[in-house]
Amino acid sequence: MTTTLITGANKGLGFETARRLIAAGHTVYVGARDAERGRRAADELGARFVLLDVTDDASVEAAAKTLDAAGGLDVLINNAGIETRTEDNSVPVAATVTADHVRTTFETNVFGVVRVLHAFLPLLQRSAAPVVVNVSSGLGSLTHLSDPDHPAHFYPGIAYPTSKTAVNMLTVQFAKAFPAMRINSVEPGFTKTDLNGNTGTQTVAEGVEIIVRMAQVAPDGPTGGFFDAKGPLPW
C-alpha cells in the first residue's frame, strides 16, 4: 500500500488530488492547518487527517512523527501555497510590492516546502519507491515570463512567480541530492481555486491531472524535471 501525504489538502487541487489517489489505492493523509476543515475533508474523502501548518516548525515535526508512528511515507505532495492579493483581487505589481508581500509568500510557498522536505526526508528514504511532487506554476518559468509571445509574459505580479521559480530550483537541487527519489515540479495550469479568487479557466479535475500522474511515477521515471499535462516545460 502506498502512503501519500498532501499538504493543503482540505480544498481545491489538494482535495481533488487526494480523491483521485485514494481511488488509485493510496492511503492518503490530508494535511491541513485548520483542524476542523481538515478532518471534515478527510472524512468526506475516506482519507486520514494530520494537522500540518507548513509555516510552523513544531506542526511539521509533529506531523512527521505521526506518520512515522503509523508506518512511514512513500509519496509527498507539496501542494500548500498562497498568492497575496488585494481587496479587489489584483496582485501587488512591481510599483507596489513590498518586502512583506514577498516574505509572506515565501514563508508558505518556499520555506514551507523546505520545512516539510526536511522533516519527511527520513521517512521517504525508508520507502522502496519514494516520490516528491512540488506543485509549482507555469508562472515560475523564466523562459515563459520573458517571452513576449507567451501568455504568461503579461502576468504583472512579483511575489508569486518568484516563489515558484524558487520551488523549481529546490526541485533541481533536491533531485540531484537524492537520486533514488523521483522529485519533480508540476504546473497544474490556470485552475479555478480560492488561490486566484476563482478566476482560473480550467476545472480542478483538469488541474490535478499532472499532479496525480507524477505522484505515481515509476522508480525509473523522470526526476528533477518540470512538467505540465502536455509534457516537460522550460525553466
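Here the structure is a predicted model, which is why all the values come from computation and not from measurement.

1. Remarks on the overall build of the protein chain
- Within the protein chain, the secondary structure is distributed over 9 helices and 8 strands.
- Taken over C-alpha atoms, the radius of gyration comes to 17 Å for the protein chain, in line with the 18 Å a tight globule of 235 residues would show.
- By its C-alpha atoms, the protein chain is 50 × 40 × 30 Å across when sized along the principal axes.
- Considering only contacts within the protein chain whose residues lie at least 6 apart along the sequence, 67% involve residues at least 24 apart.
- When the accessible area of the protein chain is evaluated, it comes to approximately 10900 Å², of which 54% is carbon and sulfur surface.
- Considering the protein chain, the positive charge centre built from 19 side chains and the negative charge centre built from 24 side chains are found 4 Å apart.

2. Thoughts on helix α3 (residues 57–70)
- For α3, which comprises 14 residues, the first-to-last C-alpha distance of 20 Å matches the rise-based estimate of 20 Å (1.5 Å per residue) to within 8%.
- For α3, the complete set of buried residues consists of Ser59, Val60, Ala63, Ala64 and Leu67. Here the buried residues of α3 occupy an arc of 135° about the axis, which is enough to place them on one side. Along α3, exposed side chains directed more than 90 degrees from the buried face belong to Lys65 and Ala69.
- Looking at the packing, one finds that the buried side of α3 touches β1 (3–7), β2 (27–32), β3 (48–51) and α5 (111–125).
- The first or second residue beyond α3 is Gly71, which carries a positive phi of 130°.

3. Brief notes about the packing of α3 against α5
- Running from N to C, α3 and α5 cross one another at 20°; their axes reach a closest spacing of 9 Å. Our classification of the angle between α3 and α5 gives roughly parallel. Both α3 and α5 take part in a crossing whose hand is right-handed. Here Asp57, Val60, Ala63, Ala64, Leu67 and Asp68 of α3 lie close against α5, whose contacting residues are Arg115, Val116, Ala119, Phe120 and Leu123.

4. A look at helix α7 (residues 159–177)
- The terminal C-alpha atoms of α7, which comprises 19 residues, lie 27 Å apart, in line with the 27 Å expected from a rise of 1.5 Å per residue.
- For α7, every residue scored as buried is listed here: Ala159, Tyr160, Pro161, Ser163, Lys164, Val167, Asn168, Leu170, Thr171, Phe174 and Ala175.
- Those residues of α7 that are buried lie in contact with α4 (99–109), α5, β5 (131–135), α6 (142–145), β6 (182–186) and β7 (226–228).

5. Considerations on the sheet that holds β3
- Pairing is mixed across the open sheet formed by 8 strands, whose spatial order is β3-β2-β1-β4-β5-β6-β7-β8. The open sheet has two edge strands, β3 and β8 (231–232), and neither has a second partner.
- Pairing of β5 with β6 involves 5 bridges; the strand directions are parallel. Along β6, the bridge assignment pairs Val133 with Asn184.
- On the sheet, α5 packs against β1, β4 (75–78) and β5 and is oriented at approximately 180° with respect to β4.

6. Looking at the environment of Gln125
- Mapping Gln125 onto the fold places it in helix α5.
- C-alpha of Gln125 to C-alpha of Ala180: the two residues are 55 residues apart in sequence and 8.4 Å apart in space.
- Beyond its immediate stretch of four places on either side in the chain, Gln125 contacts Phe178 and Met181.

7. Section: the packing of α4 against α7
- One way to put it is that α4 packs onto α7 with a least axis distance of 9 Å and a crossing angle of 35°. Relative to α7, α4 is oriented so that their crossing is right-handed. Contacts from His101, Val102, Thr105, Phe106 and Asn109 of α4 reach α7 at Ala159, Tyr160, Thr162, Ser163, Lys164, Ala166 and Val167.
- In terms of residue class, the contact of α4 with α7 is made up of 6 nonpolar, 5 polar and 1 charged.

8. A few points about the nonpolar core
- By size, the foremost hydrophobic cluster in this structure holds 29 residues, and its most contacted members are Leu5, Leu52, Leu67, Leu73, Leu76, Val116 and Phe120.
- For this core, the elements supplying multiple residues, two or more each, are α3, α5 and α7.
- By residue number, the principal contributor to this core is α5, which donates 8 residues.
- Filtering out sequence-adjacent residues up to four positions away, Val116 remains in contact with Thr7, Leu52, Val54, Val60, Leu76 and Asn78.

9. Description of the side chain of Glu187
- Mapped onto the fold, Glu187 is located in the loop between β6 and α8 (204–207).
- Of the side chains with opposite charge, Lys164 lies nearest to the buried Glu187, which makes no salt bridge, at 8.8 Å.

Criteria and thresholds
- Residues numbered from 1 in each chain as written.
- Predicted model: local features only at pLDDT ≥ 70, side-chain atom pairs only at ≥ 80, totals over all residues.
- Heavy atoms only, no water.
- Helix = DSSP H or I, 4+ residues; strand = E, 2+ residues; numbered from the N terminus.
- Rg over C-alpha atoms; globule rule 2.2 N^0.38 Å.
- Contact = heavy atoms within 4.5 Å.
- Areas by Shrake-Rupley, 256 points an atom, 1.4 Å probe, with all protein chains shown as cover.
- Lys, Arg positive; Asp, Glu negative; His and termini not counted.
- Charge placed at Lys NZ, Arg CZ, Asp CG, Glu CD.
- Expected span 1.5 Å × (residues − 1).
- Buried < 20%, exposed > 50% of the residue type's maximum accessible area, 1.4 Å probe, protein only.
- Arc of directions from axis to C-beta.
- Axes fitted to C-alpha atoms, helices over the stretch in contact; angles between N-to-C directions.
- Parallel < 35°, antiparallel > 145°, perpendicular 65-115°, else oblique.
- Left-handed = near helix turned anticlockwise from the far one by under 90°.
- Pairing = 2+ DSSP bridges.
- Nonpolar A, V, L, I, M, F, W, Y, C, P; charged D, E, K, R; others polar.
- Core = buried A, V, L, I, M, F, W, Y, C linked by side-chain atoms within 4.5 Å.
- Salt bridge = Lys/Arg side-chain N within 4 Å of Asp/Glu carboxyl O.

Keep in mind these numbers describe shape, not what the thing actually does.
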